Amino acid sequence: FLDTAKVYADWLPGEKSSSEKTIGRWLRQRGNRADVIVATKGAHPELATMHIPRLSPAEIAFDLHQSLRNLGADTIDLYWLHRDDPARPVEEIMDTMQEQVQAGKIRYYGCSNWHTARLEAAQIYAARRGWTGFVANQMMWSCALVTPQALPDPTMVAMDAAMWRYHQQSELAAVPYSSQANGYFQRLADGTVDQMSAHARRLYEMPANVRRFARIQRLAAEHEVPVTAIVLAYLHSQPFPVFPVVGCRTLEQLYDSCHAADVRLSPEELAQVEAA
């Protein structure tokens, strides 16, 4: 399962949509498209004007067709709306997404960085029309608490109590990004937290997360797995489907993340972490 976006890496110099294009080249070289679930995102504001939403039917269609070309695909397995436009009716947005499903351009669709009230309204409308609606929600979420004022982008949405309750009640799948808190807990374990970027430290550095780290370390020792495995197990041990998106720089980090598949935290262990 590969998760990307049309806008990924556009903040770097060079070609645009390089993440999608790299995945597209890899799929062609390997000839493995049938073995991979590809998810990508569109309808992201222009980076220079993040305050201006891009969620009209024409903008959604434009981004989708660009992504299909970048990936060298006829259809996209899971297409995320990367941001929301609270001023635009959810009915219009869902109509547009369903049209793309019927056209065969996408198989399923989800939302990313949507607030709970908008997500719920969209799902209610889709259910009335007999549609599947959003099959998943992608938000910022990890074992670490975040300082909202430190978010690098005000259009990003983090998991909160209301959203968690909605997922629990609806059993909608969550596919969190920044699921390892940018390696914050592993860096605490390694003593390298001072090497994190300034914005990441502002986001996660708080006494509550230091207390959570102490509980994570204890659980890692009890389960005989790396700290990273407990951080990820915290997510996929929730009472609804959770599929954390991981981004690894080294094989060692990848192996540490894979250990999470062998760990399931009990409700009592989850409560121990959250008690901090």
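Let me begin by describing the structure that accompanies this report. (Residues numbered from 1 in each chain as written. Predicted model: local features only at pLDDT ≥ 70, side-chain atom pairs only at ≥ 80, totals over all residues. Heavy atoms only, no water.)

1. Digging into the side chain of D63
Okay, so step 1: Relative to the helices and strands, D63 is located in helix 2 (residues 57–71).
Okay, so step 2: Discounting chain neighbours no more than four positions away, the residues touching D63 are K6, G42, A43, H44, R54 and Y79. (Helix = DSSP H or I, 4+ residues; strand = E, 2+ residues; numbered from the N terminus. Contact = heavy atoms within 4.5 Å.)

2. Section: the sheet that holds strand 1 (residues 2–3)
Two orientations exist for strands paired in a sheet by backbone hydrogen bonds: parallel and antiparallel.
Okay, so step 1: Spatially, 1-2-3-4-5-6 is the arrangement adopted by the 6 strands of the open sheet, whose pairing is parallel. Bordering the open sheet on either side are strand 1 and strand 6 (173–174), each of which pairs with just one other strand.
Okay, so step 2: Of the strand pairs in this sheet, strand 1 and strand 2 (residues 38–42) are connected by 2 bridges, and their pairing is parallel. When the sheet's bridge partners are listed, L2 is paired in strand 2 with V38.
Okay, so step 3: Across the face of the sheet, helix 2 comes into contact with strand 2, strand 3 (76–81) and strand 4 (106–112) while running at roughly 140° to strand 3. (Pairing = 2+ DSSP bridges. Axes fitted to C-alpha atoms, helices over the stretch in contact; angles between N-to-C directions.)

3. Side note on the packing of aromatic side chains
Okay, so step 1: Enumeration over the complete set of coordinates arrives at 8 aromatic pairs.
Okay, so step 2: Between Y184 and F185 the ring centres are 5.3 Å apart and the planes differ by 65°, which places this aromatic pair in the edge-to-face class.
Okay, so step 3: Note on Y184: relative accessible area 2%, which makes it buried.
Okay, so step 4: The class of F185 is buried, set by a relative accessible area of 1%.
Okay, so step 5: An aromatic cluster is present here, built from Y109, W114 and F134 joined pairwise through their rings. (Phe/Tyr/Trp six-rings, centres within 6.5 Å; stacked < 30°, edge-to-face > 60°. Buried < 20%, exposed > 50% of the residue type's maximum accessible area, 1.4 Å probe, protein only.)

4. Points about helix 2
Okay, so step 1: Compared with an ideal rise of 1.5 Å per residue, which puts 15 residues at 21 Å, helix 2 spans 21 Å between its outermost C-alpha atoms and is within 8% of the ideal.
Okay, so step 2: Among all positions of helix 2, only I60, A61, D63, L64, S67, L68, N70 and L71 are buried.
Okay, so step 3: Just beyond helix 2, the residue with positive phi is G72, at close to 65°. (Expected span 1.5 Å × (residues − 1).)

5. As for the pattern of salt bridges
Okay, so step 1: Under the definition given, this model contains 15 salt bridges.
Okay, so step 2: Two residues, R54 and D63, come together in a salt bridge whose shortest N-O distance is 2.9 Å. Neither R54 nor D63 differs from the other in exposure class; each is buried.
Okay, so step 3: Overlapping salt bridges, with partners in common, bring together K6, E46, R54 and D63 in one network. (Salt bridge = Lys/Arg side-chain N within 4 Å of Asp/Glu carboxyl O.)

6. What to know about the pairing of strand 2
Okay, so step 1: Among the 5 residues of strand 2, 5 are classified as buried, and the element is accordingly described as predominantly covered.
Okay, so step 2: Covered by surrounding structure in strand 2 are V38, T40 and G42 together with A39 and K41, the residues of both alternating faces.
Okay, so step 3: Handedness of the strand 1-helix 1 (residues 18–30)-strand 2 crossover: right-handed.
Okay, so step 4: In this fold, the crossover linking strand 2 to strand 3 by way of helix 2 has right-handed handedness. (Right-handed = clockwise from strand over helix to strand, strands pointing away.)

7. What about the nonpolar core?
Okay, so step 1: Grouped together as the largest cluster of nonpolar side chains are 41 residues, with contacts concentrated most on W141, F185, I230 and Y234.
Okay, so step 2: Those elements that place two or more of their residues in this core are helix 6 (184–190), helix 7 (198–204), helix 8 (207–223), helix 9 (227–236) and helix 11 (267–274).
Okay, so step 3: Broken down by element, this core gets its largest block of residues, 8 residues, from helix 9.
Okay, so step 4: For I230, the contacting residues outside a window of four places in its chain are I216, L219, A220, H223, V225, V263 and L265.
Okay, so step 5: Counting residues in each nonpolar core, the second largest holds 30 residues, with I76, Y125, W131 and F134 among its members. (Core = buried A, V, L, I, M, F, W, Y, C linked by side-chain atoms within 4.5 Å.)

Limitation: the analysis is restricted to geometry and does not speak to function.
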